[in-house]
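Summary of structural features
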Amino acid sequence: MLRRSFKVLVLGGRDPLPGYGQQALHTDWYPRVSSSEPFSVVTALWLLDDFIENNGATRLIPGSHLWLKTLPKPLQQPEAKHPDQRFVIAKAGSALAFNGHLWHSGARNESNRPRRVIQCQFVAREMGLMAQTQPDIPARLTPAARYILGF
């Protein structure tokens, strides 16, 4: 998707408790200015629990990574439903990688089940800097690990 060298921008987890987790539709990077501009970010999700429609599964708007304009504000509200949205339904242990310019969000967990996920954004190496909280971290890592983290 990036078609060039990349690095990890963000790595974290998400665990929306029952009754919580509803996000507004969003992208993981700035909008592109033109259709010839390369994509800058890929988002990867590693599912630790099954994703089902009522436990806060990720929703996506297919094809929206190609849009050059942002989604209208009313459709960006957490409770808004886009007419083209689709939910990611998959088993624990699955992985999903998608273009980070794609409009997506987590849904509200309406079940009594967990919906844990590890998520990571990979960004083109020339984009954004990762916050460095411990200056000695790179010295302890292998060259390959330092490279993927952008050091």
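Let me sum up the structure you'll find in this document. (Residues numbered from 1 in each chain as written. Predicted model: local features only at pLDDT ≥ 70, side-chain atom pairs only at ≥ 80, totals over all residues. Heavy atoms only, no water.)

Looking only at helices and strands, one finds three helices and seven strands in the protein. Listing every helix and strand of the protein by position from the N terminus yields β-β-β-α-β-β-β-β-α-α. Relative to the 2.2 N^0.38 estimate, which gives 15 Å for 151 residues, the radius of gyration of the protein is 17 Å and therefore close to what a compact globule would have. In terms of its C-alpha atoms, the protein occupies a principal-axis envelope of roughly 45 × 40 × 25 Å. With 151 residues in all, the protein has 36% of them scored as buried. Within the protein, residue pairs in contact and separated by at least 24 positions form 87% of the contacts whose partners lie at least 6 positions apart. In the protein, which carries 18 positive and 11 negative side-chain charges, the distance between the mean positions of the two groups comes to 4 Å. (Helix = DSSP H or I, 4+ residues; strand = E, 2+ residues; numbered from the N terminus. Rg over C-alpha atoms; globule rule 2.2 N^0.38 Å. Buried < 20%, exposed > 50% of the residue type's maximum accessible area, 1.4 Å probe, protein only. Contact = heavy atoms within 4.5 Å. Lys, Arg positive; Asp, Glu negative; His and termini not counted. Charge placed at Lys NZ, Arg CZ, Asp CG, Glu CD.)

Attention now moves to the packing of aromatic side chains. As enumerated under the stated definition, the model contains two aromatic pairs in all. An angle of 85° between the planes, with centres 5.6 Å apart, marks the rings of phenylalanine 6 and phenylalanine 122 as edge-to-face. Within this pair, whereas phenylalanine 6 is found in strand β1 (residues 6–14), its partner phenylalanine 122 is found in strand β7 (residues 117–124), the two being separated by 116 residues in sequence. Centre to centre, the rings of tryptophan 29 and tyrosine 30 are 5.4 Å apart; their planes meet at 70°, and the pair counts as edge-to-face. Given the relative accessible area of 62%, tyrosine 30 is considered exposed. Sitting over the ring of tyrosine 147, arginine 125 keeps its end group 3.8 Å from the ring centre. (Phe/Tyr/Trp six-rings, centres within 6.5 Å; stacked < 30°, edge-to-face > 60°. Lys NZ or Arg CZ within 6 Å of the ring centre and 35° of its normal.)

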